[in-house]
Amino acid sequence: MAQHRNFIGGRFVEPSASVGIDVRNPADGAVFTSVPAASDADVIGAVKAARDAQKAWRVLPAIQRGDALRRLADAVERHAPAIGAALARESGKSLADATAEAIYGVELMRYHAEWARRVEGEVIESDTPNETLMLKREPIGVVACLIPFNFPIYTLVRKIAPALITGNAVVVRPSNTTPTSAFAFAQAVLEADLPAGLINIMTMSHEVARTMCTEPSVGMITLTGSVSAGQMVLDYCKVNIAKPSLELGGKTPVIVEPDADLDLVARSIISAKTAHCGQVCTSAERLYVHASVHDALVEKLRTGFAARRFGNRSGDPDLMGPLANAVARDRIHAMVERAREEGAAVEAGGMVPDGPGYFYPPTLLSGCRQDMEIVREEVFGPVLAVIPYETFDEALALASDHQFGLASVLFSENYRKVMQAANEIEAGELYINRFPADPYQGYHAGWKKSGLGGDDGKHGMLEFTQTRLVILKH
């Protein structure tokens, strides 16, 4: 097994304890390595290293921070094959997809480096004569970054790049499901010659993560994860009154109007629903289809879902890969079985395949109702629930009648209905005639239980700042 070490204070450190965390390849279920479990002392030391590094980092001209971020992007680009190989093995992605994720992270870093000359404050008119009000943007300090398993490199960069460009230092906890790619990323950090302690990457238990997040120097915690994880982070934030930034659950509704191109819709849904085995925060989970085209679209989807092959992508990258672990597969299959008991018809899939690995076939459920668990709760797997509707107003109401509000999709050529949806849909994003892809110059922010704050673009970058109002008498 490869030896992995936590990255603290600008160097890889020997484990302070013999305990480790096993990492499995989800395509065969076998343990292929172990990563160190950081101790309380390790993470306290990492936070101190981050705090010390941030004091000098914050006073650098922003353009110098941008130059450093570009150096890191160049180093990650050189290390992309190694990062991709680690990510493919721990996640079940194909090597091409995993390497592409690393390269996308490179582009995201270069994008954020461009903000070096664009972090702006405001000059505000005062009511008092001979006085000027200046609103300045300042870094928060030390940011704790909690990374999910589904896109562990992209999401890591999505958090650390805006944190660094705005003058913060970071302590990073990768998912224990997909940690080895983060250590491969740390090799690039080391090569980029950033200030020691600016970026710290450690694997740890939930208990030690609490210690890290509640250290007095941590001023912000950013998480991509489940609602329950977000609620836990809010508890952490209460200790220091730290700023939360949370992307949580999603249950993307897709509305299909009668004028939609059904062949395009079917191809798009099958592609989006089976990408990374449905383990995507914005993956389609609720399909609302106008009654006049419902049967035709269900037939196209039934054929496409049944034909979509799955298996180990290391041998055939065109296959749909596995779920993250056995717990996820058991949970998803139990939800499908309960939907069946509640009256849903399983048009395709809906069974646990024999053999090794955590595979689950693309599963299409028709005859679903808005009150079913399969519609009300996030699945986070290759399962799609279909519901017919009669009017566009009804479809909008059903799409918005939910605890989550991350992304939404509408297939229609009617500009009046498009604008109605743009004005009424209760979600942070609306995609028209395409599926979500989170453009990094946009703003990825959820409504309701889908989160607080957001990522990407100017507004995502400013999440990592706080303000100081200067009242200047002259």
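Structure shown above.
Residues numbered from 1 in each chain as written. Predicted model: local features only at pLDDT ≥ 70, side-chain atom pairs only at ≥ 80, totals over all residues. Heavy atoms only, no water.

## Digging into the overall build of the chain
Link 1 in the chain: Secondary structure assignment for the chain yields 14 helices and 22 strands.
Link 2 in the chain: Against the globule reference of 23 Å for 474 residues, the chain gives a C-alpha radius of gyration of 23 Å, in line with a compact fold.
Link 3 in the chain: Principal-axis analysis of the C-alpha atoms gives the chain an extent of 70 × 65 × 35 Å.
Link 4 in the chain: Here the chain displays about 19,000 Å² of accessible surface, and carbon together with sulfur accounts for 53% of that area.
Link 5 in the chain: Distance from the positive charge centre (47 side chains) to the negative charge centre (57 side chains) of the chain: 5 Å. (Helix = DSSP H or I, 4+ residues; strand = E, 2+ residues; numbered from the N terminus. Rg over C-alpha atoms; globule rule 2.2 N^0.38 Å. Areas by Shrake-Rupley, 256 points an atom, 1.4 Å probe, with all protein chains shown as cover. Lys, Arg positive; Asp, Glu negative; His and termini not counted. Charge placed at Lys NZ, Arg CZ, Asp CG, Glu CD.)

## Points about a nonpolar patch on the surface
Link 1 in the chain: The grouping of I124, L469 and I471 at the surface amounts to a nonpolar patch, some 250 Å² of accessible area in total.
Link 2 in the chain: You can see I471 is positioned in strand β22 (residues 465-473). (Patch = residues over 30% accessible without salt bridge, like charges linked within 9 Å, V, L, I, M, F, W, Y side chains within 5 Å. Salt bridge = Lys/Arg side-chain N within 4 Å of Asp/Glu carboxyl O.)

## What to know about the sheet that holds strand β13 (residues 284-290)
Link 1 in the chain: The sheet built from 7 strands is open, its strands ordered β14-β15-β16-β13-β12-β18-β19 with mixed pairing. Edge positions in the sheet fall to β14 (345-348) and β19 (429-432), since each has one partner strand and no second. The average angle at which neighbouring strand axes cross in this sheet is 25 degrees, direction not considered.
Link 2 in the chain: Across 3 bridges, the pairing between β14 and strand β15 (residues 363-366) is antiparallel. Within β15, the position partnered with V346 by the bridge is L365.
Link 3 in the chain: Strands in contact with helix α10 (residues 326-341) are β14, β15 and β16 (383-389); relative to β15, the strand with the most contacts, it is inclined by about 25 degrees.
Link 4 in the chain: In the packing of helix α12 (residues 392-400) onto the sheet, the strands contacted are β12 (252-256), β13, β16 and β18 (407-411), and the crossing angle to β12 comes to about 170 degrees. (Pairing = 2+ DSSP bridges. Axes fitted to C-alpha atoms, helices over the stretch in contact; angles between N-to-C directions. Contact = heavy atoms within 4.5 Å.)

## Notes on the nonpolar core
Link 1 in the chain: Judged by nonpolar contacts, the single largest core of 89 residues is most densely connected at L72, F185, M212 and I221.
Link 2 in the chain: In terms of residue count, the dominant contributor to this core is helix α2 (residues 62-91) (11 residues).
Link 3 in the chain: Beyond its immediate stretch of four places on either side in the chain, L72 contacts M109, I160, F185, A188, V189, A192, L194 and I199.
Link 4 in the chain: In terms of nonpolar packing, the next biggest core, distinct from the first, is built from 32 residues, A344, I387, L410 and A421 among them. (Core = buried A, V, L, I, M, F, W, Y, C linked by side-chain atoms within 4.5 Å. Buried < 20%, exposed > 50% of the residue type's maximum accessible area, 1.4 Å probe, protein only.)

## Focus: the environment of R331
Link 1 in the chain: Structurally, the position occupied by R331 is in helix α10.
Link 2 in the chain: Note on R331: relative accessible area 35%, which makes it partly exposed.
Link 3 in the chain: Each C-alpha atom, one on R331 and one on V379, is 8.5 Å from the other, the two residues being 48 residues apart in sequence.
Link 4 in the chain: Residues within four places of R331 in sequence aside, it is in contact with E378, V379 and F380.

## Description of helix α4 (residues 152-165)
Link 1 in the chain: Here α4 is 14 residues long and its end C-alpha atoms lie 20 Å apart, about the 20 Å a rise of 1.5 Å per residue gives.
Link 2 in the chain: Within α4, 14 of the 14 residues are buried, leaving the element largely enclosed by the surrounding structure.
Link 3 in the chain: Just downstream of α4, G167 is the residue with a positive phi angle, here 100 degrees. (Expected span 1.5 Å × (residues − 1).)

## Side note on the pattern of salt bridges
Link 1 in the chain: The full count for this structure, using the stated rule, is 27 salt bridges.
Link 2 in the chain: Between R51 and D52 there is a salt bridge, with the nearest N and O atoms lying 3.6 Å from each other.
Link 3 in the chain: A relative accessible area of 31% means that R51 is categorised as partly exposed.
Link 4 in the chain: Of the charged contacts, one joins E191 and R78 as a salt bridge, the two residues approaching to 2.6 Å between their closest N and O atoms. Here E191 is found in helix α5 (residues 180-191), whereas its partner R78 is found in helix α2, with 113 residues between them in sequence.
Link 5 in the chain: The exposure class of R78 is exposed, given its relative accessible area of 53%.

## Thoughts on the packing of helix α3 (residues 95-113) against α4
Axis angle and axis distance: for two packed helices, these are the angle between their axes and the distance between the axes, and together they describe the pair.
Link 1 in the chain: Following both chains from N to C, one finds α3 and α4 inclined at 15 degrees, their axes separated by 9 Å at the closest point. Classified by the angle between their axes, α3 and α4 sit roughly parallel to one another. As α3 runs across α4, the sense of the crossing is right-handed. Of the residues in α4, those in contact with E101, A102, Y104, G105, L108, M109, H112 and A113 of α3 are P152, I153, Y154, V157, R158, A161, P162 and I165.
Link 2 in the chain: Taken together, the residues that form the contact of α3 with α4 break down as 12 nonpolar, 2 polar and 2 charged. (Parallel < 35°, antiparallel > 145°, perpendicular 65-115°, else oblique. Left-handed = near helix turned anticlockwise from the far one by under 90°. Nonpolar A, V, L, I, M, F, W, Y, C, P; charged D, E, K, R; others polar.)

## Remarks on unusual backbone geometry
Link 1 in the chain: A positive phi angle is found at C277, which is not glycine, with a value near 55 degrees.
Link 2 in the chain: Within the secondary structure, C277 sits in the loop between α8 (262-274) and β13.
Link 3 in the chain: Not every positive phi belongs to a glycine, and N433 is a case in point at roughly 55 degrees.
Link 4 in the chain: Within the element layout of this structure, N433 appears in the loop between β19 and β20 (447-448).
Link 5 in the chain: Given the relative accessible area of 27%, N433 is considered partly exposed.

No statement about biological role is implied by the geometric values presented.
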